[in-house]
Amino acid sequence: MAAITAAMVGELRGKTDAPMMECKKALTEADGDMARAEEILRVKLGGKASKASARITAEGVVATYIANGVGALVEVNSETDFVAKNDDFLALANNAARLVAEHNPADVAALLALPLDGKTLDEVRAALIGKIGENMTIRRFQRFETSNKLASYLHGARIGVIVEFDGADEQVGKDVAMHIAAMKPVSLSSNEVPAELIEKERSVAQLKAEEDAVKAAAEGKPAQSPEILAKRLEGSVQKFLKEVSLLNQAFVKNDKLSVEQMLKAANTSVKGFAMYVVGEGIEKKQDDFAAEVAAQMAASQGA
């Protein structure tokens with residue numbers, strides 16, 4: 001049996017980034033053969049990654065990368081906010097954003113297949129899962145390539161924005177990106193708001209009008225005419241469109257101006273934007289601690 005030294009463990013850890021005890025166990029199993037120990041670890045870490053893959057990842061970070069007219073926005077998820085602050089996890093997210101910008105992958109699968117430090121991005125991700133013991137996924141990305149300017153803004157790494165704009169003042173682009181993170185518009189202009197959102201708002205306004213009509217009837221007040229009701233519904237929709245379209249929103253740094261007015265004064269126009277919010281649309285698991293304790297007690301009594 002070969003003697004396993006601290007130097008050997010350190011060397012293996014440097015190659016695989018695996019926990020120290022895992023490295024020692026692998027070297028012991030391989031009888032000191034470094035190459036074999038590395039292969040053993042890769043198999044073990046891959047197993048850990050596979051076991052973790054079913055767990056929900058609703059935390060994480062948004063990363064951005066901009067260089068030479070090319071920009072990328074990427075959301076990388078983890079199970080807990082604690083891991084989202086890990087330096088290796090942040091490096092994974094930043095590298096993913098850079099790879100998107102540099103290689104223009106067609107989708108997430110193509111992104112994961114790109115090379116990074118002698119491995120694929122997916123292998124780096126799997127090794128990090130094995131090291132930390134928590135599932136991690138690259139959820140989505142968006143890429144910009146333009147002759148215009150790009151600006152980005154990150155709000156605590158949980159909200160990320162990239163804006164494509166033209167104009168002489170770079171600060172205007174940054175201000176717009178910050179505004180988007182704060183006000184979360186769904187489109188650039190009102191005529192680009194998705195039809196399903198408009199219909200949803202129209203339905204809400206219709207239900208509200210019906211509730212008001214029932215209340216008015218109970219109080220002996222006259223019912224509104226169909227014409228007035230139609231104007232009221234249209235007014236609600238127009239108000240909604242103003243609230244969710246970027247150009248119509250009141251600018252956060254000067255609410256006396258709309259974003260469109262601010263841009264016109266700065267001789268700037270916004271061509272497009274993208275915004276990611278970490279975990280948006282992901283159903284998080286709700287743990288019921290009391291129920292879990294009760295189940296464990298029941299199982300113990302049954303045993």
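Placed above this text is the structure.
No experiment lies behind these values; they were computed from the predicted model shown.

Q: Honestly, the overall build of the protein chain in this entry has me stumped. Any pointers?
A: Check the secondary structure of the protein chain and you find 12 helices and 10 strands. The proportion of buried residues among the 303 residues of the protein chain is 38%. Here the contacts in the protein chain between residues at least 6 apart in sequence split such that 63% fall between residues at least 24 apart. When the accessible surface of the protein chain is totalled, it reaches about 17,000 Å², and 54% of it is carbon and sulfur.

Q: In this structure, what is going on with the side chain of Gln249? I would like to understand it.
A: On the secondary structure map, Gln249 appears in the loop between α10 (226–244) and β8 (250–251). Setting aside residues no more than four positions away along its own chain, Gln249 makes contact with His179, Met183, Pro185, Lys242, Glu243, Val244, Leu257, Ser258 and Val259.

Q: Quick question: what am I supposed to make of α10 here?
A: Side chains of residues three or four places apart in an α-helix project in the same direction, reflecting 3.6 residues per turn. Between its terminal C-alpha atoms α10 stretches 27 Å, which fits the 27 Å expected from 19 residues at 1.5 Å a residue. Every buried residue of α10 is listed here: Leu233, Val237, Phe240, Leu241 and Val244. End-on, the buried residues of α10 take up no more than an arc of 100°, which puts them together on one face. Opposite its buried face, α10 presents the exposed residues Glu227, Lys231, Lys239 and Lys242, each directed more than 90 degrees away. Where α10 is buried, its residues touch α9 (195–218).

Q: What exactly am I supposed to notice about the sheet that holds strand β7 (residues 159–166) here?
A: Sheets are built from strands that pair by backbone hydrogen bonding, the pairs being arranged parallel or antiparallel. With respect to topology, 3 strands assemble into an open sheet ordered β6-β7-β10, the strand pairing being antiparallel. Taken across any chain shown, the strands that pair with only one partner, and hence form the sheet edges, are β6 (149–155) and β10 (269–277). When strand polarity is set aside, the average angle formed by the axes of neighbouring strands in this sheet is 15°. Two elements, β6 and β7, share 7 bridges in a ladder whose sense is antiparallel. Bridge pairing in β7 links Tyr153 to Val161. Across the sheet, helix α8 (residues 170–183) touches β6, β7 and β10, and the angle it forms with β7 is around 140°.

Q: Honestly, the environment of Ser187 in this entry has me stumped. Any pointers?
A: The residue Ser187 is located in the loop between α8 and α9 in this model. Residues Ser187 and Val244 lie 57 residues apart in sequence; the distance between their C-alpha atoms is 6.9 Å. Reaching out from Ser187, the side chain makes a polar contact with the backbone oxygen of Ser189 at a distance of 2.7 Å.

Q: Help me out: how do you make sense of the pattern of salt bridges in this one?
A: One pass over the full model with this rule turns up 17 salt bridges. Here Glu59 makes a salt bridge to Arg158, at a shortest N to O gap of 2.9 Å. Of this pair, Glu59 sits in strand β1 (residues 59–67) while Arg158 is found in the loop between β6 and β7, placing the two residues 99 residues apart along the sequence. Across the salt bridge formed by Glu243 and Lys239, the nearest N and O atoms sit 2.6 Å from each other. Here Lys239 and Glu243 lie together in helix α10, a separation of 4 residues that amounts to about one turn. Classification of Lys239 by relative accessible area gives exposed; the value is 52%. Here the residues in one salt-bridge network are Glu59, Asp81, Lys85 and Arg158, joined through shared partners.

Q: Explain the nonpolar core to me, please; I cannot follow it from the model alone.
A: Looking at soluble globular proteins, one finds that nonpolar side chains tend to be buried together. One finds Val74, Val76, Phe89, Leu111, Leu121 and Ile138 to be the most contacted residues of the largest nonpolar core, which totals 26 residues. Secondary structure elements with two or more residues in this core: β1, β2 (70–78), α4 (81–84), α5 (87–103), α6 (108–112), α7 (121–132) and β5 (136–145). For this core, the leading source of residues is α5, giving 8 residues. Ala151, Val161, Ala177 and Ala181 belong to the second-largest nonpolar core, a separate cluster that totals 21 residues.

Q: Would you mind going over the packing of aromatic side chains with me for this structure?
A: Centre distance and the angle of the planes are the two values used to describe a pair of aromatic rings. Taken as a whole and judged by the stated rule, the model has 0 aromatic pairs. In this arrangement the basic side chain of Arg140 is found over the ring face of Tyr276, its NZ or CZ atom lying 4.1 Å from the centre.

Q: I'm lost on unusual backbone geometry in this one. Help?
A: Most of the time, phi is negative for any residue but glycine, and the peptide bond is trans. You will see that Asn104, though not glycine, has its phi angle at about 50°, which is positive. For Asn104, the position within the fold is in the loop between α5 and α6.

Q: Is there a simple way to think about the side chain of Glu164 in this case?
A: Mapped onto the elements, Glu164 comes out in strand β7. In this structure, Glu164 is buried with no salt-bridge partner, the nearest side chain bearing the opposite charge being Lys271 at 7.4 Å. Here Asn148 takes part through its side chain, which lies 3.0 Å from a polar atom of the side chain of Glu164.

Q: It is not clear to me how the packing of α9 against α10 should be interpreted in this structure. Could you clarify?
A: Each packed pair of helices is defined by two parameters, the angle between the axes and the distance between the axes. With their axes 9 Å apart at the nearest point, α9 and α10 run at an angle of 135° to one another. Comparing the axis directions of α9 and α10 gives the class oblique. For α9 against α10, the interelement crossing comes out right-handed. Residues Leu197, Ile198, Glu201, Arg202, Ala205, Gln206, Lys208, Ala209 and Asp212 of α9 touch α10, and the partners they reach there are Leu229, Arg232, Leu233, Glu234, Ser236, Val237, Phe240 and Leu241. Looking at the contact of α9 with α10 residue by residue, the classes come out as 9 nonpolar, 2 polar and 6 charged.

Here is what the cut-offs are and how they apply
- Residues numbered from 1 in each chain as written.
- Predicted model: local features only at pLDDT ≥ 70, side-chain atom pairs only at ≥ 80, totals over all residues.
- Heavy atoms only, no water.
- Helix = DSSP H or I, 4+ residues; strand = E, 2+ residues; numbered from the N terminus.
- Buried < 20%, exposed > 50% of the residue type's maximum accessible area, 1.4 Å probe, protein only.
- Contact = heavy atoms within 4.5 Å.
- Areas by Shrake-Rupley, 256 points an atom, 1.4 Å probe, with all protein chains shown as cover.
- Expected span 1.5 Å × (residues − 1).
- Arc of directions from axis to C-beta.
- Pairing = 2+ DSSP bridges.
- Axes fitted to C-alpha atoms, helices over the stretch in contact; angles between N-to-C directions.
- Polar contact = N/O pair within 3.5 Å; in protein donor to acceptor, adjacent residues only side chain to side chain.
- Salt bridge = Lys/Arg side-chain N within 4 Å of Asp/Glu carboxyl O.
- Core = buried A, V, L, I, M, F, W, Y, C linked by side-chain atoms within 4.5 Å.
- Phe/Tyr/Trp six-rings, centres within 6.5 Å; stacked < 30°, edge-to-face > 60°.
- Lys NZ or Arg CZ within 6 Å of the ring centre and 35° of its normal.
- Lys, Arg positive; Asp, Glu negative; His and termini not counted.
- Parallel < 35°, antiparallel > 145°, perpendicular 65-115°, else oblique.
- Left-handed = near helix turned anticlockwise from the far one by under 90°.
- Nonpolar A, V, L, I, M, F, W, Y, C, P; charged D, E, K, R; others polar.

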